[in-house]
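Residues per chain are reported as follows:
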Number of protein chains: 2
Amino acid sequence: MTFDEHLAQSDSTYLEQLKEILAIPSISGISEHRDDVQRAASWLRDYMEAIGLERATVRPTAKNPVVTAEWLQRRGAPTALIYGHYDVQPVDPLALWTTPPFQATERDGRLYARGSSDDKGQVIAHLQAIASLIAVEGGLPMNIKVLIEGEEEIGSPSLEQFIKDNKDWTQADVVVISDTSMMEHGLPTICCGLRGLCEMEVHLETANTDLHSGLYGGAAPNALHVLVQLLASVRDGQGRITIPGFYDGVVEPTSEERKQMAALPFDEEEFAQRLGVDQLVGEPEFTALERISIRPTLELNGLWGGFQGEGPKTVIPNEAHAKITCRLVPEQEPERVAAVVAEYLTQAVPAGARVRVDLGHVARPWRCDPASAPVQAAVQALEQSFGRSAALARMGGSIPVVEVFDRLLGAPCVLMGFAAPDSNAHAPNESLPLESLRIARRALGRFWHELGERGV
Amino acid sequence: MTFDEHLAQSDSTYLEQLKEILAIPSISGISEHRDDVQRAASWLRDYMEAIGLERATVRPTAKNPVVTAEWLQRRGAPTALIYGHYDVQPVDPLALWTTPPFQATERDGRLYARGSSDDKGQVIAHLQAIASLIAVEGGLPMNIKVLIEGEEEIGSPSLEQFIKDNKDWTQADVVVISDTSMMEHGLPTICCGLRGLCEMEVHLETANTDLHSGLYGGAAPNALHVLVQLLASVRDGQGRITIPGFYDGVVEPTSEERKQMAALPFDEEEFAQRLGVDQLVGEPEFTALERISIRPTLELNGLWGGFQGEGPKTVIPNEAHAKITCRLVPEQEPERVAAVVAEYLTQAVPAGARVRVDLGHVARPWRCDPASAPVQAAVQALEQSFGRSAALARMGGSIPVVEVFDRLLGAPCVLMGFAAPDSNAHAPNESLPLESLRIARRALGRFWHELGERGV
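Fair warning: this is a prediction, and the values are worked out from it, not measured in the lab. Residue positions within a chain follow its written sequence, with the count starting from 1. Chain letters and ligand numbers both follow the written order, the letters beginning at A and the numbers at 1. Under the rules for a predicted model, residues below a pLDDT of 70 receive no local features and side-chain atom pairs below 80 are neither given nor counted, while totals for whole chains, interfaces and linings still include all residues. Water and hydrogen atoms were dropped before computing side-chain values, which therefore reflect all heavy atoms in the structure.

(A) Layout of the sheet that holds strand β11 (residues 297-306) of chain A. Pairs of strands are assigned from DSSP output, requiring at least two bridges between the strands. Secondary structure elements follow DSSP: runs of H or I of four or more residues count as helices, runs of E of two or more count as strands, with numbering from the N terminus. Taken together, 8 strands build an open sheet; the order of strands is β14(A)-β9(A)-β13(A)-β11(A)-β11(B)-β13(B)-β9(B)-β14(B) and the sheet is antiparallel. Either end of the sheet is taken by a strand with one partner, and the two such strands are β14 (354-363) of chain A together with β14 (354-363) of chain B. Pairwise comparison of adjacent strand axes, ignoring direction, gives a mean angle of 20° for this sheet. Both strand β9 (residues 196-205) of chain B and β14(B) contribute to a ladder of 8 bridges, which runs antiparallel. Working convention: axes come from line fits to C-alpha atoms, limited for helices to the stretch in contact. Angles between N-to-C directions cover 0 to 180 degrees.

What follows is the structure in structure tokens.
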């Protein structure tokens with residue numbers, strides 16, 4: 001029996017197994033689901049053991065356990081680390097779900113459940129590809145370690161320490177992650193770039209107290225006016241950031257890269273319509289897809305000051321506050337960008353006001369090397385399975401663990417994701433197309449053969 | 001016993017009475033304080049009855065009651081209407097109060113409490129002067145009606161209808177109001193001009209939901225960016241309002257008026273120091289005193305949108321809000337100014353965003369006749385009590401009712417206020433110097449005698 005035949009024959013069994021773990025409400029962000037998180041971890045350990053992986057173990061951390069397993073019998077062959085997560089997002093508003101979020105339901109060729117695409121469905125696709133490889137071939141084409149964590153949806157607070165504490169075990173030649181989406185139905189997609197991040201909070205103060213707008217209005221500085229003028233000055237009318245040094249280090253795309261991006265499926269009009277806006281914004285010299293993936297941003301995430309209650313209040317507020325995050329692209333240094341933004345805001349503030357900027361966390365931007373063996377192996381495996389050339393797309397979000405693996409293991413990451421563009425991750429009616437699940441299993445089996453042959 | 005002796009002897013009793021009404025959190029702008037507003041009205045009625053005023057009554061309106069009382073036994077003598085308000089401003093931010101806002105506390109010769117200066121303290125000074133006159137002289141030097149409302153801090157929405165419905169009762173030869181401040185400690189001050197007011201709330205919307213800043217940042221409009229850019233554009237760098245038509249109708253001061261204003265005690269440096277700012281702001285061609293009294297303003301009173309909780313949130317907010325009030329001077333039309341501001345904001349908003357402006361209450365600007373008998377009687381009484389010539393000053397605040405009395409009763413208004421320049425009305429740690437309270441009672445007693453003799 002071939003690998004593909006084994007997958008086909010196991011299809012209904014494999015689907016039932018997936019439904020089992022989808023039934024466990026392992027919501028990491030809600031503490032009353034602590035037992036469910038533990039149950040999901042135990043289920044995974046038992047499952048990995050059952051399919052022929054070795055030393056399947058639930059390993060405690062400061063919060064939710066990491067589940068690991070391995071198959072290391074291919075002496076001299078390269079070793080891959082598969083990363084995924086078994087925790088899921090909360091489900092509210094529950095009323096918007098057509099079928100219960102933890103009772104996986106097939107409908108119109110899709111499997112509906114919380115975690116179906118993010119990330120249990122993709123984790124199980126990996127494990128079932130491994131299961132069929134072991135069943136048919138008696139082993140794997142290369143050495144594989146599996147690390148499935150339970151805190152991704154709350155920012156992976158324990159993962160870095162876990163990797164540091166288990167440096168030898170986590171060491172690998174390549175890290176493979178399936179936790180992203182395809183750009184459109186049927187288009188296999190490798191995420192080849194992620195934006196970085198820096199966070200800050202701005203605290204602006206003028207007078208020593210709120211003031212009566214009748215008695216002082218006209219001569220006293222108003223913290224809100226100062227803040228809006230200060231924050232308006234960080235952008236020009238077209239969305240370019242005007243802070244000196246903000247763009248330092250930004251790698252401009254080559255004309256070849258821009259041509260490749262322009263060929264990716266992205267309909268600006270449909271995108272605007274989905275957001276409910278009559279016009280997209282941003283740097284006019286870049287396409288919308290470029291602006292949301294390979295260009296840095298500075299976004300106001302929150303702003304407050306003065307009276308927000310019911311009715312009017314004739315006050316001149318003496319305090320104003322803002323939360324800002326920047327999305328960063330290679331080769332911007334997050335700490336340096338945070339510093340130039342903070343310096344600009346504290347220097348540009350006019351007389352009569354004082355500004356303090358508190359810096360928060362940072363995440364480095366990330367790019368893959370499209371020519372590397374693991375990416376090329378993924379391209380090959382995905383093309384053979386989907387019958388279409390794989391898209392290599394840089395994405396606008398940040399996946400902090402990618403940067404963590406990059407930094408701590410020095411191993412390249414391959415991000416091939418199988419969620420649909422309309423999978424509704426984090427939202428009601430999350431789903432995964434069943435066809436994507438089947439093709440993903442095939443593609444992953446081919447990927448390990450391809451990578452085993454090429455080497456890393 | 002003389003009037004002054006009776007006041008001196010009653011001092012501690014009078015202070016305790018004031019503390020009683022200051023303890024009632026009669027905040028008219030917050031609906032959950034509705035019962036407190038009623039309690040304050042009842043307390044006032046009982047108090048006015050107790051001191052010898054007649055027909056003390058809590059009179060319902062569409063919203064908060066008006067409390068009235070009278071003493072009309074001096075046949076043929078002129079009749080004055082005393083106006084004040086028993087409602088107060090909200091107290092946030094509560095954390096900035098040194099002592100609880102509704103637990104009046106004596107400290108360094110001042111009484112600290114919300115309403116101590118605006119306006120309960122001044123209302124009670126009036127009533128206690130009347131109490132001592134009645135106690136010592138068996139009656140008043142002229143006829144007096146008292147009208148204390150409960151909606152001043154929310155724009156007196158019911159007062160105009162109340163006056164219209166009670167035209168005969170409210171009819172008077174002069175209206176006396178104590179709801180303003182002295183220009184400096186010990187300088188008796190008659191307010192001879194007030195700024196008008198118009199209020200609005202700005203609601204700005206971009207996309208149909210909050211958006212993920214990684215997936216959409218760079219192409220999706222951010223409501224906060226749009227709002228700060230829109231609001232920054234209403235002023236130039238020096239504080240002039242740039243909205244077309246905003247200054248239409250503004251009466252420029254004559255050189256004589258500017259000379260008189262320059263002679264008033266006003267130290268810009270001390271003023272800035274008191275506010276805790278290193279520099280005052282505003283139109284450079286006017287003095288600070290002119291800017292806060294005879295020039296119009298546009299102030300942001302509140303601003304909010306996006307995430308304000310603890311920590312970062314990588315969201316692109318789709319909503320942003322602002323509260324705005326303008327202070328207006330003769331002969332600006334409040335409705336017209338509100339209309340030009342609203343039109344500017346809705347027109348200047350860029351593509352990708354929508355703005356709605358809700359218009360609030362308006363108040364017309366006002367000026368007095370310095371040569372009139374009531375103003376001259378006040379000048380006399382204040383000089384005798386304070387031992388200093390009274391200042392006749394145009395002030396920057398708005399007392400909409402002054403314009404209402406002017407228009408509906410055709411009676412001149414006299415505004416003699418006893419709050420201190422640093423009384424912090426509308427702000428945390430509002431206070432009234434106890435010495436001002438004592439002299440005010442004396443001055444008010446003299447004023448009624450003086451005016452009774454002069455006639456109106």
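Text resumes after the structure shown.
(B) Seen up close, the interface of chain A and chain B. Contact residues are listed per partner, giving 71 residues for chain A and 83 residues for chain B. When two parts are brought into contact, each loses some accessible area as probed by a 1.4 Å sphere; the total of that loss over both is the buried area. Both sides of the chain A and chain B interface together cover about 6,400 Å² of buried area, and 55% of this is carbon and sulfur. Definition used for salt bridges: Asp or Glu carboxyl oxygen within 4 Å of a side-chain nitrogen of Lys or Arg. Remark: the boundary between chain A and chain B carries 0 salt bridges. For the purposes of these results, a polar contact is taken to be a pair of N or O atoms within 3.5 Å, where, inside protein, one atom must be able to donate a hydrogen and its partner to accept one; residues adjacent in sequence count only when each atom of the pair is a side-chain atom. Inspection of the chain A/chain B interface yields 45 residue pairs in polar contact (both at pLDDT 80 or more). At 10 residues, the largest contribution of residues to the side of chain A that touches chain B is made by β11(A). The contact definition used throughout considers only heavy atoms, calling two residues in contact when any of these lie within 4.5 Å.

(C) The packing of helix α7 (residues 223-232) of chain A against helix α7 (residues 223-232) of chain B, seen in detail. One can describe the packing of α7(A) onto α7(B) by two numbers: an axis separation of 8 Å at closest approach and a directional angle of 110°. Viewed along their axes, α7(A) and α7(B) adopt a mutual orientation that is roughly perpendicular. As α7(A) packs across α7(B), the resulting crossing turns out to be left-handed. Residues Val228(A), Gln229(A), Leu231(A) and Ala232(A) of α7(A) pack against Val228(B), Gln229(B), Leu231(B) and Ala232(B) of α7(B). All residues other than Ala, Val, Leu, Ile, Met, Phe, Trp, Tyr, Cys, Pro, Asp, Glu, Lys and Arg, Gly among them, are scored as polar; the first ten of these are nonpolar and the last four charged. Looking at the contact of α7(A) with α7(B), its residues break down into 6 nonpolar, 2 polar and no charged. In what follows, roughly perpendicular refers to angles from 65 to 115 degrees, roughly parallel to angles under 35, roughly antiparallel to angles over 145, and oblique to any angle outside these ranges. Working rule for handedness: look at the near helix, and if it is turned counterclockwise from the far one by less than a right angle, call the crossing left-handed; if clockwise, right-handed.

(D) Local environment of the pattern of salt bridges. Residues and elements named next belong to chain A. Counted by the stated rule, this structure contains 66 salt bridges over all chains. Notably, a salt bridge pairs lysine 19 with glutamate 106, separated by 2.9 Å at the nearest N-O pair. On the criterion of sequence distance, the pair formed by lysine 19 in helix α1 (residues 3-22) and glutamate 106 in strand β4 (residues 105-107) is long-range, its members being 87 residues apart. On the basis of relative accessible area, glutamate 106 is assigned to the partly exposed category, the value being 42%. Three or more residues joined by partner-sharing salt bridges are found here, namely Glu160, Lys164, Glu333, Glu335, Arg364, Glu403 and Arg407. Under the scheme applied here, a residue whose accessible area is under 20% of the maximum for its type counts as buried, over 50% as exposed, and between as partly exposed, the area being computed with a 1.4 Å probe on protein chains only.

(E) Structural view of α7(B). All names here are of chain B. Counting buried residues along α7, 9 of its 10 residues qualify, which places the element largely inside the surrounding structure. Considered for burial, the residues of α7 that qualify are Ala223, Leu224, His225, Val226, Leu227, Val228, Leu230, Leu231 and Ala232. Measuring from the backbone nitrogen of leucine 224 back to the side-chain oxygen at the start of α7 gives 2.8 Å, which picks out asparagine 222 as the cap.

(F) Molecular detail of the sheet that holds strand β5 (residues 110-112) of chain A. Residue and element names in this part refer to chain A. Ordered in space as β4-β5-β18, the 3 strands form an open sheet in which the pairing is antiparallel. At either margin of the open sheet sits one strand with a lone partner, and together these are β4 and β18 (431-433). Looking at each pair of strands side by side, their axes are set apart by 25° on average, direction ignored. Against the sheet, helix α14 (residues 434-454) makes contact with β4, β5 and β18, and its axis sits at roughly 65° relative to β18, the strand it touches most.

(G) Inspection of the packing of aromatic side chains at higher detail. Aromatic pairing here means that ring centres of Phe, Tyr or Trp (its six-membered ring) are within 6.5 Å. Orientation follows from the plane angle: under 30 degrees is stacked, over 60 is edge-to-face, and everything else is tilted. Evaluation of the coordinates by the stated rule reveals 14 aromatic pairs over all chains. Geometrically, the ring pair formed by Trp43(A) and Tyr47(A) is stacked, given 4.9 Å between the ring centres and 15° between the ring planes. In this pair, Trp43(A) and Tyr47(A) are both assigned in helix α2 (residues 34-50), 4 residues apart and thus about one turn of the helix distant. Taking relative accessible area as the criterion, Trp43(A) reaches 15% and is therefore assigned buried. Taken together, the aromatic side chains of Tyr216(A), Phe266(B) and Phe271(B) make up a single cluster linked through ring pairs.

(H) Geometry of the nonpolar core. To form a nonpolar core, buried Ala, Val, Leu, Ile, Met, Phe, Trp, Tyr and Cys residues must be joined to one another through side-chain atoms within 4.5 Å. Core analysis: the largest hydrophobic core is formed by 93 residues, its most contacted members being Leu44(A), Leu127(A), Phe405(A) and Trp448(A). With residues up to four places along the chain from it excluded, the contact list for Phe405(A) reads Leu81(A), Tyr83(A), Leu159(A), Ile163(A), Val175(A), Ile177(A), Gly410(A), Ala411(A) and Cys413(A). With 70 residues, the next largest nonpolar core counts Leu300(A), Leu303(A), Cys326(A) and Leu231(B) among its residues.

(I) The arrangement of the state of the cysteines in detail. All names here are of chain B. Disulfides are defined as pairs of cysteine sulfur atoms found within 2.5 Å of each other. With the rule as written, the count across this model stands at 2 disulfides over all chains. Here cysteine 192 pairs with cysteine 368 through a disulfide, and the sulfurs are 1.6 Å apart. You can see cysteine 192 sitting in strand β8 (residues 189-194) and its partner cysteine 368 sitting in the loop between β15 (366-367) and α12 (373-386), a full 176 residues away along the chain. For the residue pair cysteine 192 and cysteine 368, the accessibility class agrees, reading buried in each case.

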